[in-house]
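In case you want the letters, here they are:
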2 protein chains.
Amino acid sequence: MTTQNTAPLDGALGRRMADTIRMLAVDAVQQANSGHPGAPMGMAEMGVALWARHLRHNPANPHWADRDRFVLSNGHASMLLYALLHLTGYDLPMDEIRRFRQLGSKTPGHPEVHLTPGVETTTGPLGQGLANAVGMALAEKLLAAEFNREGFPIVDHRTWVFLGDGCLMEGISQEAISLAGTLKLGKLVALYDDNGISIDGDVAGWFGDDTPARFRACGWNVIGPLDGHDLAALDAAITQATAVQDQPTLIVCRTTIGKGAIGQEGTADVHGAPLGAAAIAALRQHLGWTAPPFEVPDDLRAAWNGRSAGAARQAGWDALFARYAAAHPALAAEFQRRQRGALPAAWAAQADLAVMALAEASTKPVATRRASQLALDALAPLLPELLGGSADLTGSNLTNFAGCRTVTPGQAGNYLSYGVREFGMAAVMNGVALHGGLLPFGGTFLTFSDYSRNAIRMAALMQQRVVHVFTHDSIGLGEDGPTHQPIEQVASLRLIPGLDLWRPADALETAVAWVQALQRTDGPSALVLSRQALPIVSRPAQRADVARGGYVLADAPAGQPVQAVIIATGSEVGLAMEARRRLQAEEGIAVRVVSMPCTQRFDAQPADWCDAVLPPSLPTVAVEAGHPDGWRRYTGRSGAVVGIARFGESAPGPALMQHFGFTADAVMAAVRQRVAASH
Amino acid sequence: MTTQNTAPLDGALGRRMADTIRMLAVDAVQQANSGHPGAPMGMAEMGVALWARHLRHNPANPHWADRDRFVLSNGHASMLLYALLHLTGYDLPMDEIRRFRQLGSKTPGHPEVHLTPGVETTTGPLGQGLANAVGMALAEKLLAAEFNREGFPIVDHRTWVFLGDGCLMEGISQEAISLAGTLKLGKLVALYDDNGISIDGDVAGWFGDDTPARFRACGWNVIGPLDGHDLAALDAAITQATAVQDQPTLIVCRTTIGKGAIGQEGTADVHGAPLGAAAIAALRQHLGWTAPPFEVPDDLRAAWNGRSAGAARQAGWDALFARYAAAHPALAAEFQRRQRGALPAAWAAQADLAVMALAEASTKPVATRRASQLALDALAPLLPELLGGSADLTGSNLTNFAGCRTVTPGQAGNYLSYGVREFGMAAVMNGVALHGGLLPFGGTFLTFSDYSRNAIRMAALMQQRVVHVFTHDSIGLGEDGPTHQPIEQVASLRLIPGLDLWRPADALETAVAWVQALQRTDGPSALVLSRQALPIVSRPAQRADVARGGYVLADAPAGQPVQAVIIATGSEVGLAMEARRRLQAEEGIAVRVVSMPCTQRFDAQPADWCDAVLPPSLPTVAVEAGHPDGWRRYTGRSGAVVGIARFGESAPGPALMQHFGFTADAVMAAVRQRVAASH
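Quantities reported herein were computed from a predicted structural model and do not represent experimental measurements.

Criteria and thresholds
Per chain, residues are indexed from 1 in the order of the written sequence. Labels are handed out in written order, letters beginning with A for the chains and numbers beginning with 1 for the ligands. Thresholds applied to this predicted model are a pLDDT of at least 70 for local features of residues and 80 or more for the giving and counting of side-chain atom pairs; totals over whole chains, interfaces and linings are not thresholded and use all residues. As a rule here, side-chain values come from all non-hydrogen atoms in the structure, and water together with hydrogens is ignored. Under the scheme used here, helices are H or I runs from DSSP no shorter than 4 residues and strands are E runs no shorter than 2 residues, and both carry numbers assigned from the N terminus. Relative accessible area decides the class of each residue, using a 1.4 Å probe on protein chains only: under 20% of the type maximum gives buried, over 50% gives exposed, and in between gives partly exposed. For this analysis, residues touch if any pair of their heavy atoms sits within 4.5 Å. Charged residues are defined narrowly, with Lys and Arg counted positive, Asp and Glu counted negative, and His plus the chain ends left uncounted. Taken as the charge location is NZ of Lys, CZ of Arg, CG of Asp or CD of Glu. DSSP-based pairing: two strands are paired if at least 2 bridges between them are found. For helices, the fitted axis covers only the stretch in contact; all axes are lines through C-alpha atoms, and the angles between them, taken along N-to-C directions, range from 0 to 180 degrees. Within this document, salt bridges are pairs made up of a side-chain nitrogen of Lys or Arg and a carboxyl oxygen of Asp or Glu, the two lying within 4 Å of each other. UniProt positions are given in the numbering used here, feature names are shortened, and annotations may be inferred rather than shown by experiment. Throughout, nonpolar core names a set of buried Ala, Val, Leu, Ile, Met, Phe, Trp, Tyr and Cys residues whose side chains join them through atoms within 4.5 Å. We call two directions roughly parallel when the angle between them is under 35 degrees, roughly antiparallel when it is over 145, roughly perpendicular when it lies between 65 and 115, and oblique otherwise. Should the near helix be turned anticlockwise from the far one by less than a right angle, the crossing is termed left-handed; should it be turned clockwise, right-handed. Residue classes follow a fixed rule: Ala, Val, Leu, Ile, Met, Phe, Trp, Tyr, Cys and Pro count as nonpolar, while Asp, Glu, Lys and Arg count as charged, and any other residue, Gly among them, counts as polar. With the strands pointing away from the viewer, any crossover whose connection runs clockwise from the first strand over the helix to the second is right-handed. Expected span of a helix: the number of residues minus one, times 1.5 Å.

1. Things to note about the overall build of chain A
Looking only at helices and strands, chain A has 28 helices and 20 strands in total. By its C-alpha atoms, chain A is 90 × 60 × 45 Å across when sized along the principal axes. Out of the 679 residues in chain A, the part that is buried amounts to 67%. A separation threshold of at least 6 residues defines the contact pool for chain A, and within that pool the share at least 24 residues apart is 78%. Computed over 54 positive and 63 negative side-chain charges, the separation of the two mean positions in chain A equals 4 Å.

What follows is the structure, given as C-alpha cells:
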C-alpha cells in the first residue's frame, strides 16, 4: 500500500490544513455553546497526516467494500471527524457543521454510525471504539482469507483508530489490545493522542503506565513517542506502520491538548467547554487565520479534497473485482451477498425445515443451551458468514458447532475463543458486524452480561446484527451460587431499547429464537438459555406463533371458558403447564398458558392479537425465575408474579427452585387466589 | 515483618501440607458432585507458602483490625480457601467442608464474605477480587497515614491476592493494576497462578501477553516466573516481596492445574468438574495419601494449626494498641469507632441540622449534582471516614468538596481521582468498604454505571456501604447525545436487589438522600443527579417524609377529594407540580403529586402508609425521564407512565425534553384521560 496523496505535509500548507480542522472545531463548539475543542485541536496534525496521505477511502462512496476503516475511539473529539469528513468530500455540508449538536443535525455530540456518511461506528463510551476497531481488523483478516485468491486481493484494507488516555485507562482497552496482539492483526494501526491530560487534570496522578511497554507486552509494534504536531514525523511513522504485517501497531503521538489556544493549551480547561469569543479571536490571530467562521479558503479546500483520489482508488478496485468476478463468479456473488448483509436466497425455506426437523427430533428433556447447539449445528451450514465464539466458556455455553473451525493467530476460521473478556467480546462483535460480511455471535454466562452491558447497548443503538448467547440463566444453574445466578439480568436486559431478548422454553422455541435473531437486520438479540434440562412443551406447528414472541401454548379445554392466564418463559413454562394440568384436574379451574419467549416481539404485534392472547379482563399470573417487576405491565396491579427479587444461594438447582418457591403449588396458589379475587 | 512460622516448608511435611489441601478439595468437589478441583490442586503450594509462613492473621478473630487481608480473586478455587480456613483454625468445621455447595452451608460455590469466617470478600466474577484487594491496600495506606504515630504502627498489614489467567484477561485487572502501580501500593502482593490453561484450553490461543512485562509497565515489582510447586522458591519470593515498600509486587507462579491428577493434570478437563472416583483413587495412591476423605492426619493438623501463633500476633498488637490508646486516647477512640463502622455520636443531630440549613439556604433552581456538592460540603466535615472520588469527571460530577485533599502516590488524603475506570473504581470502593475504617463514594455519568454494573451488584450482594454518585441522569443532559443519555439505567439499577437508588428533586431531597446513603449500614446506595438546574419543590419540614422514599409533596386543595395522583422523581417533579397547578387552575381537576426519590425505601414502608400515599383506587400517572416499565407496578394497567423507551438524541436539553414529550401538557393529557376513564 503506497502513499495515496502527494500533497506536501510539512510545509505551510500542511500546517494550514491542520488549522482548518482547529478552526472548524473551535467555531462549531462555540456556536453550539457545547462540545470538546481540546482534542480536535490537539489531534489536528494526526488527522492531516492520516487522512490527507494514507487513508484509502472514497468520500463519494462511504460503503465501498474495501475502504480503510477509521475509528475515532475518543468520540468526544467528534468535530475532528466531522471536519475531516466535510473537508475530504463526504456528503456532510458546512450547514451540518454549523448545526453541530443540534436536534436533527448530522453532527451529533458524539459520532453516530448511519447518521453521518463516513462514520464507521458510534463512539463516546471510552475504550469501545478501540475494541470495535479490533473487530473490524479481525473481520478484514478473516474475509481476506476466505475470499482472496491468487492475484485477487479484493479484501485488503487497514483499520485505523485514534484514541486517547481515557480509552487506555478503561479496562476494555486491555481486552482489546491483548486479543489484537495475540491474533497478530497486522493491519490494525492505532494512533495514540498522548496529551497527558484528562478531565481531572494531569494524568500522572492516576495513570502512570509506561504505555509503549504495555503494548509491547501485548504483542504490538510500537512507534514513538513522536511529536504529534510534526507532520513529517507522523507521515513517516504511518508509513513505517504499514510495513509491518504480523503485529498491530501503536503510534504514540505526544500532543498538546487544545494546541494553539494561547494560555489554555495543555490544560484540562480546553477539554469540554467552548473556548469563548476572546480566546477564539486570540487563536485566529495566533494562527494567522483570516477566514470567517465556517469558511474554508479555496486553496485549503482544494488541498483537502479527496474525491478524485477516492474515485480513482475505487475504480482500481472495481476493475480488480470485475476480473475476480470473471475468474471466480460464485465467490464474487457470495462476496456481494455478504457485503449486502442479505441471507442466502434459500435461507428462509431451509431454516424453516431445520426448525421443523429440530422440533420433531426433540423427544426428551434438553437444556436450552444444548438445544441452541443443536440449532447451530443445523443452521450454521446454511450461513457461512457466522462467526461464533465464547468468552472462555465454550463447553458451558455450547456455542461451538459441528465442523466449526477455530480462529488462531495463524489460521482463519469461524469460531473464536475470546478469552475471559465479556466486554471486549461484545465490542469486538460490534466491530465485526459494522465491518460487514460476517455475522457474529458470542457466549457467556447471563450474569456476566453485566460486564458487557454497555457494548450490548451500543449494538442496539447502532442497530447491529449481533447475537449474544447467555446461558446459565437463573438460580436453576445451582451450586455456583449468587455471584453466578442471574436475578435482575433478564428484566434489566429487556429494558435496553432495541434489544430482542429470547428466553425459549424448549428445542422448538430455541430454534425459532435463533432463526429470528439471525434474520433480524435492525438490531441485536440475546438468547437466554438454561443450564438444566427442560421438558418439551411446544409443537412444530406452533413455530409461527413462537416467532410472534408470545402465544397460547395451551388453552382451556374446548368449550370451557378460560378463567386465568399464566404467562411463563423458559424454564418456568414447564412449571406453568404442570400447574395448569393440576388446576384443571384437581380443582376444575380452566387455565391458559401463554409462553412468551420474547416480550419485544410480542409487544410489536397488533393490539388485537395481543389482547386475544392476553385478554385484559382475565386474572393473569406471570412466572419467571428472575426479578418480577417487568411483568407488572402484563399482570397489572391485580395480577401476580411468581419471581425472585433477592439474591440466590449456592445449592443444587432443584433444591433452589423449591427453596425460592418455583413450584407448581406456588403457581397454583397464585392462580387460585386471583381467580377467587376476580369473582 | 518477619517470618511468622518456623515449620519447614520444603521437606515432606510441606509437601503433605499441600496434599491436605488437594485431598480436601478433591473430596469435597466429588461429594458435592460439583465444583472446581483444578485450581485448588494447582495452588496448593502457594497456599502453604503464604498461609503457613507469612500471613499475619488470627484464626480465632477474623475481625482483628490489623490482620493481613487475603483475597482469592479466582473465586472458583473456593475449596482452597475453605481448606486453608479450616486447617489454620477458623470456625469452619469439617462438617461444613462436607457440605460444600449445599443449601445453608458455610461453604458456598464461591467464597462469600459474612457467610464464612475469614472470607474477606465475595469473589467469582473474575478480576474484581484483584480490584477489591487494591481497595483494601489503599485503605490500609490511608488509614496508616491518618492513625499511625511515631512508635505506634497500629495500621501495618499487607493485602495478599491469589489470581489466575481469567482475572488477568478481564479488563478490570488493568484498571486495578494501573491504579495500584500509580499509587505505589507497596503492601499489596499478588500471587499469579500461571497455569496456562483456561476453560477453552491452552491460553496461548487467546492470551499472548507477556504478563511480567505488562505489570512492570504499570509500575509493579515482578518476581518470577518461578516453580509454583516449589515451596522454598515460593517462600523466598514472598519474603522478597515483603521487602519492597514503594511498589506492589506480582509473584508469577508457574503451576500445573490439577497437579497430581494423573493423566488429567495440566488440562482444562480438571477445571470445573469432579475428578471421578477412579481418578481420586489414583490420586490417593500417587500422593501416598492413606487418610479417608475428610480426615486430616494428626501431624498435619498440628502443622497447619495457626491459632496459637495468631493469638500471639494479636496479643502483640493489642498491647501496642493499649499503649497507643494511653498516648493518643482521642485517636484511639476514633480508630475504634471507625473500625466498628459506627457514625459519630453527634452525627444524627448534626446531619439533620445540616439538611435543614441546606434546604433553607436553597432559594433558587439548582442542579441536583450541585446540590449534592453543597450537601457534601456540609456533611463531609462531620465524617472524617469519607473517601470521595470520581472516574475522571470530578468537575462534572461535583464529587469534590470544600477542603478535600487529593490522594497522590506520595500523600494521603480523602479524595481520589480514579481515572477513567468506572468498573475499577466501583470494585476498589468495595475493597475499601470491606477493609473498614473508610466510607467510599465515587462519581461518574449515570450511563456509565453500565461499565461498573457488576461491582455495584457485588456491593449489594456483600451489603457494603458504598455510595455511587451518578450525574447527568437523563436526556436532560443534552448535547452529548444518546451514547451519554441514560434511558434504561435508572429502571435497571432499581432491579439490583439491595441497592437503594435515590433520584432527588431538589436540594432538600438531595441532602436527605446523602444522609440516608451515609447512614445505611446494610448496603450500597446510588444517587442519581441532574446536570441541569431544577426548581425547589420541597420544604424543610418534609425531610422525614423524604427519608421514607416516597411522600405526598403537594395534595388536592383542602376539602377537595383527590382525583388523580402523579408520581414523579428528580427532574420531573417540577413538571408534575406544574401539571398539577394547571389542572387545578384550568380544569378544576384536583391532583396529588407524590415525589418518590427512592422506590426501595418507599416499598419498605408499612402497607397502610404506602396505601395512604398512593391510594390503590386512584388513577395514577408516573412521570420520569427514563424507561417507563418499572412504574407499571405503581400505576397498574389502568394508569399511565410518561417516560422514554427509545434512545435519545444530541441537542440542547430543553429541546430534547420538549421533543420527547416531557411537558406539562403531556402530563396533563395523561391525567385528564385517566380521570375520564375512571368515571
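2. Let's talk about the sheet that holds strand E16 (residues 551-554) of chain A
Residue and element names in this part refer to chain A. A sheet is described by the order of its strands in space; here five strands give the open sequence E16-E18-E17-E19-E20, paired in mixed fashion. Either end of the sheet is taken by a strand with one partner, and the two such strands are E16 and strand E20 (640-642). With strand direction ignored, the average angle separating the axes of adjacent strands in the sheet is 30°. Bridge analysis of strand E17 (residues 564-568) against strand E19 (residues 620-623) gives four bridges, and the strand direction is parallel. Bridging from a neighbouring strand, alanine 568 pairs with valine 623 of E19. Strand contacts of helix H23 (residues 573-587): E16, E17, strand E18 (591-595) and E19, with the helix running at about 170° to E18, the strand carrying the most contacts.

3. Description of the pattern of salt bridges
Residues and elements named next belong to chain A. Taken as a whole, this structure holds 76 salt bridges over all chains when the rule is applied. In this structure, the salt-bridge partner of glutamate 385 is arginine 337, at a minimum N-O distance of 2.8 Å. Here the residue glutamate 385 occupies a position in the loop between helix H16 (368-379) and strand E9 (386-390), and arginine 337 occupies one in helix H14 (residues 329-340), the gap between them amounting to 48 residues. One salt bridge connects arginine 601 with aspartate 500, and the closest N-O pair in it is separated by 2.9 Å. With arginine 601 in helix H24 (residues 599-603) and aspartate 500 in strand E13 (residues 500-502), the pair connects residues that are 101 residues apart, well separated along the chain. Judged by its relative accessible area of 5%, aspartate 500 falls in the buried class. Counted as one network, the salt bridges with shared partners bring together Glu146, Glu334, Arg337, Arg338 and Glu385.

4. Description of the UniProt feature "active site" (unreviewed entry) in chain A
Under the present numbering, the feature "active site" (unreviewed entry) in UniProt falls on Glu422 of chain A. Take glutamate 422 of chain A: it is sitting in helix H18 (residues 422-435). Overall, the relative accessible area of 4% leaves glutamate 422 of chain A in the buried class. When residues no more than four places from it in sequence are discounted, the contact partners of glutamate 422 of chain A are Glu175, Ala391, Thr444, Phe448, Tyr451 and Ser452 of chain A together with Glu170 of chain B.

5. Observations concerning the nonpolar core
Residues Trp51, Ile154, Trp220 and Ile251 of chain A together with Leu379, Trp514 and Phe662 of chain B are the most contacted members of the largest nonpolar core, which totals 240 residues. Tallying contributions element by element places helix H6 (residues 128-147) of chain A first for this core, with twelve residues. Excluding anything up to four places from it in sequence, tryptophan 514 of chain B contacts Ser372, Ala375, Leu376, Leu379, Phe441, Val467, Val469 and Leu527 of chain B. In this structure, Ala511 and Val667 of chain A together with Leu126 and Ile154 of chain B belong to the second largest nonpolar core, which totals 223 residues.

6. What to know about the sheet that holds strand E14 (residues 525-528) of chain A
Residues and elements named next belong to chain A. The sheet built from six strands is open, its strands ordered E10-E9-E11-E12-E14-E13 with parallel pairing. Each having just a single partner strand, strand E10 (415-417) and E13 make up the two edges of the open sheet. Each neighbouring strand pair of the sheet contributes to a mean axis angle of 20°, computed without reference to strand direction. Pairing of strand E12 (residues 467-471) with E14 involves four bridges; the strand directions are parallel. Counterpart to phenylalanine 470 in the pairing with E14 is valine 528.

7. Side note on the packing of helix H6 (residues 128-147) of chain B against helix H18 (residues 422-435) of chain B
Residue and element names in this part refer to chain B. As a packed pair, H6 and H18 sit with axes 7 Å apart at the nearest point and diverge in direction by 55°. Our classification of the angle between H6 and H18 gives oblique. Helix-helix and strand crossings are classified by hand; for H6 and H18 the assignment is right-handed. Contacts from Gln128, Ala131, Asn132, Val134, Gly135, Met136, Leu138, Ala139, Glu140 and Leu143 in H6 reach Phe423, Ala427, Val428, Asn430, Gly431, Val432, Leu434 and His435 in H18. A breakdown of the residues in the contact of H6 with H18 according to their chemical character gives eleven nonpolar, six polar and one charged.

8. A short note on the pairing of strand E6 (residues 221-227) of chain B
Residue and element names in this part refer to chain B. Examined bridge by bridge, E6 and strand E7 (residues 249-254) share five bridges and lie parallel to one another. Within E7, the residue paired with aspartate 227 across the bridge is arginine 254. Crossover connection from E6 via helix H10 (residues 231-242) to parallel E7: handedness right-handed.

9. Overview of helix H14 (residues 329-340) of chain B
Residues and elements named next belong to chain B. In a regular helix each residue adds 1.5 Å, so twelve residues correspond to 16 Å; H14 covers 17 Å between its end C-alpha atoms and thus fits that length. Listed as buried for H14 are Leu331, Ala332, Phe335, Arg337 and Arg338. Considering only its buried residues, H14 is in contact with H6 and helix H13 (307-327). Looking one or two places after H14, you find glycine 341, whose phi comes out positive at around 75°.

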